[in-house]
Amino acid sequence: MDKEPHIIPDAAVKGIATGLCMMAFFTLIWAAIAFGGLQVSIYWLALLIFPAFSIVFVINAIKLFRIAKYFPKLASEADIAEEKKTGKWFGIIFGAEGLGIFIGINVVINLGHPDLIFPVMALVVGLHFYPLAKVFKRTVDYYLATWSTLIAVLAIVFVLNKTFTENAGMTFVGIGIAIATSCYGGYMVVRGRGVRRQLTILS
């Protein structure tokens, strides 16, 4: 006898949609940073792929927000408590990321290396994916964390040993982290499509 498919709650649907909006925003931010290093080159046109991804993410997010009302709400107290716990830790990690970026920027400026601002930002972004992986129990976060951290460390090394100019460092981390956020967004798009297929089960 087949098991009854598990129907996710509306909060999870809205969570995926919110994540898509965040990835759309951060993909644009990192693409803009890459543009800051490439603006004097015709190669900046290649960066247009990232705004295109962002548009796809937003469109999919809107679709999920619209259908969320058709999914069941969290019923048990245990599920509600778990949702609140997850939200709390996400807020803590997100706040720690902002604080880490602020501290990192001030440290490199005071050390006389303003050219390391964006690589250090990328490093903090990469590291914050590790605790997120544990909170949300998602393996994909570990891959994104490792990729982003590696991009950041390489940029720091290459800028310090003069392999990269400041603009090259901006381009390197901008494209590298935009790839990470785009992959994360793509992962959420796939999850969102699976969610929409569940509508046929509910109807």
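About the cut-offs
- Residues numbered from 1 in each chain as written.
- Predicted model: local features only at pLDDT ≥ 70, side-chain atom pairs only at ≥ 80, totals over all residues.
- Heavy atoms only, no water.
- Helix = DSSP H or I, 4+ residues; strand = E, 2+ residues; numbered from the N terminus.
- Buried < 20%, exposed > 50% of the residue type's maximum accessible area, 1.4 Å probe, protein only.
- Areas by Shrake-Rupley, 256 points an atom, 1.4 Å probe, with all protein chains shown as cover.
- Salt bridge = Lys/Arg side-chain N within 4 Å of Asp/Glu carboxyl O.
- Phe/Tyr/Trp six-rings, centres within 6.5 Å; stacked < 30°, edge-to-face > 60°.
- Contact = heavy atoms within 4.5 Å.
- pLDDT = per-residue confidence, 0-100.
- 1 Å grid on protein atoms, 1.4 Å probe; cavity = no way out; pocket = protein on both sides within 12 Å on 5 of 7 lines; lining within 4 Å.
- Points joined across faces, edges and corners; volume = space filled by probe spheres on them.
- Nonpolar A, V, L, I, M, F, W, Y, C, P; charged D, E, K, R; others polar.
- Polar contact = N/O pair within 3.5 Å; in protein donor to acceptor, adjacent residues only side chain to side chain.

Caption draft 1: Highlighting the overall build of the protein. Secondary structure assignment for the protein yields 7 helices and 0 strands. Along the chain direction, N to C, the helices and strands of the protein fall in the order α-α-α-α-α-α-α. When the 203 residues of the protein are sorted by exposure, 39% land in the buried category. When the accessible surface of the protein is split by element, carbon and sulfur atoms take 70% of a total near 11600 Å².

Caption draft 2: Highlighting the pattern of salt bridges. Using the criterion set out here, one finds 2 salt bridges in the structure. As a salt-bridge pair, Asp-10 and Lys-73 come within 3.2 Å of each other at their nearest N and O atoms. Here Asp-10, found in helix H1 (residues 10-38), pairs with Lys-73, found in the loop between helix H2 (49-67) and helix H3 (77-110); they are 63 residues apart in sequence, far enough to count as distant. Here Asp-10 falls in the buried class, since its relative accessible area comes to 7%. Its salt-bridge partner being Arg-138, residue Asp-141 comes within 3.0 Å of it at the nearest N-O pair. Comparing Asp-141 with Arg-138, the two get one shared label, buried.

Caption draft 3: Up close: the packing of aromatic side chains. On inspection of all chains with the given rule, the structure shows 12 aromatic pairs. Taking 6.4 Å as the distance between ring centres and 15° as the angle between the ring planes, the aromatic pair formed by Phe-53 and Phe-57 counts as stacked. Remark: Phe-57 and Phe-53 occur in helix H2; sequence separation between them is 4 residues, near one turn of the helix. Residue Phe-53 is classed as partly exposed on the basis of its relative accessible area of 32%. Residue class for Phe-57 comes out buried when judged on its relative accessible area of 4%. On the numbers, 6.0 Å between centres and 65° between planes, the contact of Phe-90 with Phe-136 is edge-to-face. Of the two residues, Phe-90 sits in helix H3 while Phe-136 sits in helix H4 (residues 117-136), which places them 46 residues apart along the sequence. The partly exposed category is assigned to Phe-136, whose relative accessible area is 29%. Following the ring pairs from residue to residue traces out a cluster consisting of Phe-50, Phe-53 and Phe-57.

Caption draft 4: Molecular detail of the environment of Ser-54. Note that Ser-54 resides in helix H2. Under the relative-accessibility criterion, Ser-54 is labelled buried at 4%. Spatially, the C-alpha atom of Ser-54 lies 9.7 Å from that of Thr-181, the residues being 127 residues apart in sequence. Among residues more than four places away in sequence, those in contact with Ser-54 are Ala-24, Thr-27 and Leu-28.

Caption draft 5: Representation of the confidence of the model for the protein within the structure. Per-residue confidence for the protein gives a mean pLDDT of 89; residues scoring 70 or more make up 93%. Counting interchain partners and residues more than four positions distant, the pLDDT-below-50 stretch residues 1-5 has 1 contact.

Caption draft 6: Representation of the layout of surface pockets in the model. Taken as a whole, the largest pocket encloses approximately 1300 Å³ of empty space. Mapped by element, the contributors of at least two residues to the lining of the largest pocket are H1, H3, H4 and helix H6 (166-197). With 11 residues, H1 is the single largest residue contributor to the lining of the largest pocket. Partitioning the lining of the largest pocket into residue classes produces 26 nonpolar, 9 polar and 8 charged. Looking at the second largest pocket, its volume works out to about 160 Å³. What lines the second largest pocket is simply Glu-82, Lys-85, Thr-86, Trp-89, Ile-93, Pro-131, Lys-134, Val-135 and Lys-137. Those elements that provide at least two residues to the lining of the second largest pocket are H3 and H4.

Caption draft 7: Here's a closer look at the side chain of Thr-27. Of note, Thr-27 is situated in helix H1. According to the relative accessible area criterion, Thr-27 is buried, its value standing at 0%. A distance of 2.8 Å separates a polar atom in the side chain of Thr-27 from a polar atom in the side chain of Thr-181. Discounting residues that sit within four places of it in the chain, Thr-27 has contacts with Phe-50, Ser-54, Phe-57, Ala-178, Thr-181 and Ser-182.

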